[in-house]
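A look at the structure
So you can see what is in the structure, the chains are spelled out below.
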Amino acid sequence: MTTSLEQGINTLKAAIDAPTASYFSSCVHCGICAYACIFYTETGEAKYTPMNRLEPMKRLWEQEYTVLGRLKKLIGLSKAITQADMEAAVELNFESCTTCGRCSMICPVGNDIVYMIKKMRGALTAAGLAPPELKGAAVRAIEKGSVMGFPMETLAAQVRAAEKETGIKINIDEPNVDYMLLLSSAEVVQFDEIIGSLAKIFKQAGVTWTFSSKAHEAANPGMHMGAKDIEAQQIEQMVAAAEELKVKNVISPECGHAYMAIRWDGPNVIGRPYPFKVFHIIEVLDQLREQGKLKTNACCTEEPITFHDPCQAARRGGVNQPQRNLLNMMSSNFVEMKQHSACNWCCGGGGGVGSLEKTEELRKRIFHRKKRQIDELGVNTVVTMCATCRNTLEEGLENNSMDVNVIGLTEAVANHLLKENES
Amino acid sequence: MTKKTHRLSDELQKHGISRRSFLKFCTAMASAMALPPMAANVMAETLEKVQRQSVIWLSFQECTGCTESLTRSHKPSIESLIFDFISLDYHHTLQAASGDAAELAREQAMHAHKGKYILIVDGSIPTKDDGVYSTIAGMTNLDMLKEVAKDAAAIVSIGTCAAYGGLPKAAPNPTGAQSVSEIIKDKPIINIPGCPPIPVVMTGVLAHVLTLGIPELDSHGRPVAFYGDSIHDRCYRRPFYDQGLFAKSFDDDGARKGWCLYEVGCKGPVTHNACATLKWNNGTSFPIQSGHGCIGCSEPDFWDAGGFYKALSTSNAEPGHWAGVALGAGAVVGAAAALANRHSHKQAESDKTEITLDDMKESDA
Amino acid sequence: MNEVELLNWARGPGLVGASFIMVFGIILRLFEIFSLGKAKEYAEVRSSGAMGGIKTIIQRSIPEPRYWRYIGAAYLFHVGLFVVIFFFMPHILMFESVLGFSWPALPNFIIDIFSVLTIGGMIYTLMSRFTNPSRRIMTVFSDYLVWAVTFLPVITGYMTFHRFVGDYTCMLAIHILSVELLMIVLPFSKLSHSFSFAISRWYTGSAFGKRGTL
C-alpha cells in the first residue's frame, strides 16, 4: 500500500506552486466565492464556501513555504495536518464540488480556486481517500479503455450497426486520415446515434476519420482525482494510438471533462507537447460550417431553444463561440440563459460528483439553479455539448417533472442537416 | 535697585494715566486672554491695589531676542508701564549696575522678598560637565537657577529656550541644555514660549500673574489663553487649505495669490500660539501674512522637526534612502527563503511515490 | 516623551523603520511566492495569455453588479482608501518626498466624503463578518486584527483632520504611528493581497487567456 497520510501531505506539498502561493497570499476571506457556487447558493450551507474547502492546503502552504509560518510551526503555534483533516476534506473537495470553476470567475483577487481544488483532490487520492466510484472508473478506463467498462468490442458492434443503418463505411484503425474520434462512454451505448450522425456529416463534408481500437474513450477519471500519474497513463494510450495512425487531429467527444483532459491537461501531465491538434467535436463542426462544408438549403426552426454550456468545455476550456454559431445556423429563436458562456451555472453533475452514490440527494437540491434558469426562459428544448451534462439535465428535469427536451448539439446539427437533405 | 513699594494706582496717576485708559488696558488684556468680561474689573481693582512686585530676571543660554521683543517692539505704551510697576531687581541687559554690584542687587532682592519674588528666566541651562558652558560672575547658570528658584514664588520661563530648551538644545545638544522645568520641579512654572514670544503675551501673562494668579496652563505649561489654538485653526489662509489651493514655491502664482503655505513647510497645524490673532509689531502682521510659513517656534524641539521648508506630512528623515538597503536585505533573506522553499518542494517531489493502478484497486479500508 | 517628540519620532525613525520593514517584507514575500515556480505549459495555447492577464487585473477591480450586495461595501472602502491615500494633498507630499514626483490633489471636501465612505464601508464589512454565513466561516481571528490595523489610520486620520479630539500634534503623531503599524503588518498578513492581488489575477487571467476564455 503506497497511499498514506504522509503521501497525501507530500503530494500536496509538491503541488503547491507559485500561483497557489499567490492565491493564498491574496485571499482576504471575503467569502464571495460562495455566491458563485451552486452548492452554497442552493443549500445555504456555509461549509460549501469554495475557499473553505482548501483549509488544509492553506495551512500547509503557510507552514512550509512562508518564513512566518515556519516560525509559527517551530514554536508550535500551528497544527500539523491530520488524517481527520484530510478525511473531512473529502466531502468538500470530491462530494460537493463539480470543479465547475465559477468561483474562479468571481473572486475579487482573481484566485483560480478550482486549480487548487484539483491539487487538493490529488493529495486526497495519494492519501488513499479518493471515492471508490472514481477509483473503479480509473481502473476500467485504463484496463478496458472505457470508464463504464464498455470494451472496444461494444463500440465495434455499434459501428457495424451504424454502418448498416447509414450505409456509410466507418473506419476503425485507418491510418493517415484527417481525424481520430474519441467518444464518451455514454455515447458508446446511450447516445449512440451520434456515430451514424457524424458518419453522415463527415461524409457530406468530405472529411476522413477513424476510431482507434487502442483508445476509443476520452473521459479521464484520473483527472477527476487529481491523480496526474493515472491521468497520464490514459493520455499516453491516446497519444500512442494517434501516433500509430499518424493522424493530425484528435476529436474530443461531447464531454466537458474529456475535452479538458485531452486538450489542456494531457500535454502537461505527460510533460511534452502532442504531435497532433485536439478539437472539441463542436469546434470541428463549426470549422466545417465556416468552410461551407455543412450543406443546408432550408430555413431554420423557429422553436425557441437554449444552450447549457458545459463548464469544462466553455468556461474552463474556452469553447464559447462555436456552439453559438451552430445554434444560430439552425434556429432563428436561440435564446441565452441569463448567465451563460464563461459565467454559466453548472448542472451539478460534473467533476465526478454525478458518479458518486452519496451525492444523489445533494444533486437534487443543487439542480434548482439550473431549473430556475430554464424556467425563466420558458423553452422546451435545451441543447448541450457534454454527455454528463445531458444525463444530469435529463435526470434533474425528470425529478422536477419538467417537460423539457434535452439534446446533444452534434445530434441536433445532424438532425438539422439530414432533415434539410431529406426534404 | 530695590525701591520702596508703592501702590500701582498712585504711580499711574503720577504718570498721568487716567483710570479710563487703565481700564481699557485691563479690558484689552482680559479679552486677549479670553477671560470673562468681569475679569477686566477684577484685574483693574487688583492692579490698583497691588504693591510693586519684585522680579528677578535671569538670562542664560539665550540671544536676548526675548528681551528685545519685550522692550523694543512697541512704542512706550501702557504695557511698558507694567514694568515700571514691577520692581525689576535684576536683569543683565536692562540694569545699570554691573559686576559685584549687580550680583549684590540680586542677593538683596532675594533676601528682601524671600518667597515672594517672581523669577523670570530666558535662555536654556547647560547641564553637561557640571554646567561649565555658561557662567555668570563665576557661577554656573545651573547653580544660579537653583539658588534663585529656591525662594521664588513662581517662575516664568520666557522664550522657547527657557521653556523647552530651544535652539541650544537642538541635536546634538553639545552643552546638555535643558529647560527650566526639567531642572526645577517644586515651583509653579509658567512657560511663555516663542522665538521670541509675542510682547503682549508676555505682558498679558505677567498682568494675569500679578492680579489673578497663575493662569490656566496646557500640558506644556503654556497659558491656554494665548496658546490654546493652533496657528492653522486661526489662520486667515485656512480656507485655501480646505479648498486644496497651495503655493508650491515662494514665487509662484499661488504664493502671489496668498494661498496656503502647507506645501512649502508651514508648521501652523502643529503650532500653538497667538500670532494669527494678536499678530506682531502692534498687530501689523505675522509670518504667514508676510508670505512665510510658520516655523513652529513655540513648540518643544521645533528646531529638530525636520526642516522649516519640509511639508509637515513628509518625513523628517529620509525613508527613501533606506529603500535600497531594504530591497537588498529583502532580496538576501528572500533568496534564502526561496532556496529553503525550493528544497522543501524538491524533497516533497522526491518523497511522494507514484500513484499506480494498484492503488486504485485497493479496497477501501 | 511629549507629543512633539512623538511626532518627530513618528515622522523620522518610525517612518524609516516601518518603510524598511514593509519593503523588506514585500520583497521577501515575492521571493517566497515565485520560488515555488510554475509548471511549463505544454498544451497548444490559443493566445499568449498576456491580454487575459491584463484584462483580469483590470476587470476584477470592478465588482460584478449582481454581487454588489455582498461585496459592494468592501469595494467601496477600497476605492475610498485609494482616493484618500493617494489624493489627499499632505499624503501626496509624503509620496513626493520619497518618490521624487507628484500628482494633483483633490480638494479636501472630496477627500472628506471618501473618508466617510471608507469608514462606513469598513464598519459594514466588519459587521458582515458576523452576519454573512460564507464570510463568517472563512473568518479567522487575525481578520479582526488586520481590520483594526487598517481602520486605525483611517479613523485617526479623519479625527486629526477634523480635530475631533485632543491635541492636533498628538493626533497627527498617532495617525502616522498607526500607518507605520499598518506598513509593518502589511507584508506578513493577508494585507499582502495589496500587492499579490495583481499576481493572482495575472496567473488566473493568463491561464484563461491561453485557453481562450478571456
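Before reading further, recall that the structure is shown in the block above.
Parameters at a glance
Residues numbered from 1 in each chain as written. Chains lettered and ligands numbered in written order. Predicted model: local features only at pLDDT ≥ 70, side-chain atom pairs only at ≥ 80, totals over all residues. Heavy atoms only, no water. Phe/Tyr/Trp six-rings, centres within 6.5 Å; stacked < 30°, edge-to-face > 60°. Lys NZ or Arg CZ within 6 Å of the ring centre and 35° of its normal. Contact = heavy atoms within 4.5 Å. Buried area = accessible area lost by both parts, 1.4 Å probe. Salt bridge = Lys/Arg side-chain N within 4 Å of Asp/Glu carboxyl O. Polar contact = N/O pair within 3.5 Å; in protein donor to acceptor, adjacent residues only side chain to side chain. Helix = DSSP H or I, 4+ residues; strand = E, 2+ residues; numbered from the N terminus. Expected span 1.5 Å × (residues − 1). Buried < 20%, exposed > 50% of the residue type's maximum accessible area, 1.4 Å probe, protein only. Patch = residues over 30% accessible without salt bridge, like charges linked within 9 Å, V, L, I, M, F, W, Y side chains within 5 Å. Areas by Shrake-Rupley, 256 points an atom, 1.4 Å probe, with all protein chains shown as cover. Axes fitted to C-alpha atoms, helices over the stretch in contact; angles between N-to-C directions. Parallel < 35°, antiparallel > 145°, perpendicular 65-115°, else oblique. Nonpolar A, V, L, I, M, F, W, Y, C, P; charged D, E, K, R; others polar.

**Examining the packing of aromatic side chains**
Applying the stated criterion across every chain yields a total of 26 aromatic pairs over all chains. Each member of the aromatic cluster is reached from another via a ring pair, and the members are C:Phe82, C:Phe86, C:Phe87, C:Phe95, C:Phe101 and C:Trp103. Lying across the ring of A:Trp345, A:Arg102 places its NZ or CZ 3.6 Å from the centre. Over the ring of A:Phe191 we find A:Arg390; its NZ or CZ atom is 3.7 Å from the centre of that ring.

**Here's the deal with the interface of chain C and chain A**
On the side of chain A, 60 residues touch chain C, which itself brings 47 residues to the contact. Roughly 4,500 Å² is buried in total at the junction of chain C and chain A, and carbon and sulfur atoms are behind 57% of that figure. On the chain C side of the contact with chain A, C:Tyr42, C:Met138 and C:Arg211 bury the most area, a combined 15% of that side's loss. There are two salt bridges connecting chain C and chain A. Taken together, the connections running from chain C to chain A amount to 35 residue pairs in polar contact (both at pLDDT 80 or more).

**Considerations on helix H20 (residues 387–399) of chain A**
Residue and element names in this part refer to chain A. When the terminal C-alpha atoms of H20 are compared, their 18 Å separation across 13 residues agrees well with the 18 Å that a helix rising 1.5 Å per residue should span. Within H20 the residues assigned to the buried category are Ala387, Cys389, Arg390, Thr392, Leu393, Gly396 and Leu397. Trailing H20 by a residue or two, Ser401 shows a phi angle of about 50 degrees, which is positive.

**Here's the deal with the environment of B:Val201**
Residue and element names in this part refer to chain B. Position of Val201 relative to the elements: it lies in helix H11 (residues 199–211). Between the C-alpha atoms of Val201 and Met29, which are 172 residues apart in sequence, the distance is 9.0 Å. In contact with Val201, not counting residues within four places along its chain, are Ile192, Phe226, Tyr227 and Leu278.

**Details of a nonpolar patch on the surface**
Among the surface-exposed residues, A:Leu68, A:Leu71, A:Leu74, A:Ile75 and A:Leu77 lie close enough to one another that they form a single nonpolar patch of about 570 Å² accessible area. Mapped onto the secondary structure, A:Leu77 falls in the loop between helix H5 (67–74) and helix H6 (83–95).

**Concerning the packing of helix H1 (residues 5–15) of chain A against helix H4 (residues 55–65) of chain A**
All names here are of chain A. With their axes 10 Å apart at the nearest point, H1 and H4 run at an angle of 70 degrees to one another. It follows from the interaxial angle that H1 and H4 lie roughly perpendicular. Together, Ile9, Leu12 and Lys13 of H1 and Met57, Leu60, Glu64 and Tyr65 of H4 make up the contact between the two elements. Within the contact of H1 with H4, the residues separate by chemical class into five nonpolar, no polar and two charged.

Everything listed here is a matter of coordinates, which is why it stays silent on function.
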